[in-house]
Amino acid sequence: MTELSIIHVDMDAFFASVEQRDHPKYRHKPVVVGGDPDGRGVVSTASYEARKFGIHSAMSCRKAAQLCPDLIFLPVDMDKYKLVSKKMHSIFNTYTSIIEPISIDEAFLEIVQGDAVEIGKSIKEDIFRITGLTASVGVSYNKFIAKMASDMEKPNGFTVITHDRAKAILPYMPIRKIWGVGEKTEKELNNIGIFTVKDLLQYDHEFLLKNWGRRAHDLLQLCRGIDHSTVQVDQEVKSMGEETTLKKDTRDLALLREQLRDFSIAISHRMGRTGIRCRTITVKIKYNDFSSITRSITLSNSTKSFDEIYQNSVDILNNRVSVSKPIRLIGLQVSNLIYPDEPTQISFIQTE
Ligand code: TTP
Ligand code: MG
């Protein structure tokens, strides 16, 4: 895997941007979604124009109205935002099946095939083309740094953080930017003279570990840019696969096997990272006359091994796929997925 494999996507001023998109008269104006100017309720989100007045999510509407007398209050239209969120996920799915939704407008993606920087750029462009909204995208080598990256150049940001860049940036990050440091922890740290990541790393580690235990350990790891957490695939995912339209229509079995080999590597890698196993392996073929077939095999045991996926797909290709017509597209899919937290099936068949 390349150094950069994690993408974090976060829409800009999400609810407010959707409303500004749908009501051109509110564009470039201070807008908040949620509540009303009489002071009932709190702000769900503020447009970037409103943020200039110091208005932010969770602020009381009364306070927001005081800070900006011309502030426009709009009602929440959750169904509309959910629809946009769905569209974002359809876009993500065209690039990877390892997607962890974090909230309505935010997700982590893991890229195991292709260049994560290029894919991050394409996702950002697709989102704008399809939804008319801007997202900020961060690309890095782990989730924590990828999220930090997407936050750095908001709104409409695109930020790549390599190991070297992280080394340069991290020390100067305010401690509040580190995962798990809320208002209360920030105060506690400030009280002992810790304001930045550098301050924390230079502090007496033994003291921190003795007084804070696990929390200090996690915090120190993050401050060093280390985060081993994996992208947790949405349990809704029922299959994962790869397919490609061939450069030239072909009847060459060796070439087709080569494709299956590449797909098997990508899929088994993805399964290895996520701990997911599969029982069904499917080969999809589209011929040059656009007719298509799928052929599957279901194993008695679940697997995530490259060999097993590859060998079974080759068996299907050799024995159950006709090459009397040239083939235009080949795909490989695994389904009948078993997630790591599900009890593994005990097999009574002895295998090597
Ligand atoms: P965020 O991504 O936290 O905020 P945002 O998209 O509005 O702005 P940013 O550009 O900083 O990412 O939250 C996404 C949406 O979730 C937000 O548009 C509204 C909703 N939300 C609330 O309803 N209440 C809250 O306190 C927060 C933080 C968000
Ligand atoms: Mg957002």
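Relevant structure appears above.
None of the values given here were measured: they were computed from a predicted structure.

Rules used in this analysis
Residue positions are given per chain, counting from 1 as you read along its sequence in written order. The lettering of chains begins at A and the numbering of ligands begins at 1, in the order of writing. Only residues with pLDDT of at least 70 get local features here, since the model is predicted, and only at 80 or more are side-chain atom pairs given and counted; chain-wide, interface and lining totals rely on the full set of residues. The side-chain figures draw on all heavy atoms in the structure; neither hydrogens nor water molecules are used. Here a residue is near a molecule or strand as soon as one of its heavy atoms is found within 4 Å of it. The term polar contact refers here to a pair of N or O atoms within 3.5 Å; inside protein, the definition further demands a hydrogen-donor-capable atom paired with an acceptor-capable atom, and it admits residues adjacent in sequence only when both atoms are side-chain atoms. For the accessible areas, the method is Shrake-Rupley and the probe is 1.4 Å, while residue cover comes only from the protein chains on display. Labels follow the DSSP assignment, with helices taken as runs of H or I lasting at least four residues and strands as runs of E lasting at least two, numbered in each case from the N terminus. When residues are grouped by polarity, Ala, Val, Leu, Ile, Met, Phe, Trp, Tyr, Cys and Pro land in nonpolar, Asp, Glu, Lys and Arg in charged, and all others, Gly among them, in polar. When DSSP finds two or more bridges between two strands, those strands count as paired. Here, residues are in contact when the closest pair of their heavy atoms is within 4.5 Å. Angular values range over 0 to 180 degrees, each being the angle between N-to-C directions of two axes fitted as lines to C-alpha atoms, with helices fitted over their stretch in contact. Because water is not among the atoms used, a metal site may look incomplete, as its donors are only the N, O and S atoms within 2.8 Å, or 3.2 Å for Na, K and Ca. Working rule for geometry: tetrahedral if four donors all subtend angles between 85 and 135 degrees; square planar for four, octahedral for six, if opposite donors exceed 155 degrees and the others stay between 65 and 115; irregular in every other situation. For every residue, the accessible area obtained with a 1.4 Å probe (protein chains only) is divided by the maximum for its type, and the residue is called buried under 20%, exposed over 50%, and partly exposed between those limits. Pairing of aromatic rings covers Phe, Tyr and the six-membered ring of Trp, with a centre-to-centre limit of 6.5 Å; geometry is then stacked below 30 degrees between planes, edge-to-face above 60, and tilted otherwise. Either the NZ atom of lysine or the CZ atom of arginine qualifies as a charge over a ring when it sits within 6 Å of the ring centre and within 35 degrees of the ring normal.

Close to ligand 1 lie 13 residues; Ala13, Thr45, Tyr48, Arg51 and Asp105 are nearest. Contact distances for ligand 1 include 2.9 Å between an oxygen atom and a side-chain N or O atom of Asp105. Contacts to ligand 1 include Lys154, whose side-chain N or O atom sits 3.0 Å from an oxygen atom. Here ligand 1, which alone exposes 560 Å², has 69% of that area covered by the protein. Contributions of two or more residues to the shell around ligand 1 are made by strand S1 (6–11), helix H1 (14–22) and helix H2 (48–51). Per-class residue counts for the shell around ligand 1 are 5 nonpolar, 3 polar and 5 charged.

Now for the sheet that holds strand S2 (residues 31–33). Spatially, S3-S2-S4 is the arrangement adopted by the 3 strands of the open sheet, whose pairing is mixed. Since the sheet does not close on itself, it has two edges, and those belong to strand S3 (45–46) and strand S4 (72–74), each with one partner. Across the face of the sheet, H1 comes into contact with S2, S3 and S4 while running at roughly 115° to S2.

So, about the coordination of the magnesium ion (ligand 2). Protein coordination at the magnesium ion (ligand 2): the donors are Asp10 (OD), Met11 (O) and Asp105 (OD), at 2.1 to 2.2 Å from the metal. Because the angles between the 6 donor atoms bound to the magnesium ion (ligand 2) fall within 85 to 176°, the donor set is best described as octahedral. Taken in sequence order, the residues that donate to the magnesium ion (ligand 2) follow the motif D-M-x93-D. This pair shows no difference in class: Asp10 is buried, exactly as Met11 is.

Inspection of every chain in the model, using the stated rule, returns 7 aromatic pairs. Between Phe108 and Trp179, the ring centres sit 6.2 Å apart and the planes meet at 90°, which makes this aromatic pair edge-to-face. With Phe108 in strand S6 (residues 106–110) and Trp179 in the loop between helix H7 (163–169) and helix H8 (183–191), the pair connects residues that are 71 residues apart, well separated along the chain. According to the relative accessible area criterion, Trp179 is partly exposed, its value standing at 31%. The structure contains a cluster of three or more aromatic residues connected by ring pairs, namely Phe14, Phe15 and Tyr81. Sitting above the plane of the Tyr48 ring, Arg51 keeps its charged end 4.1 Å from the centroid. Positioned above the aromatic ring of Phe108, the side-chain terminus of Lys143 is 5.2 Å from the ring centre.

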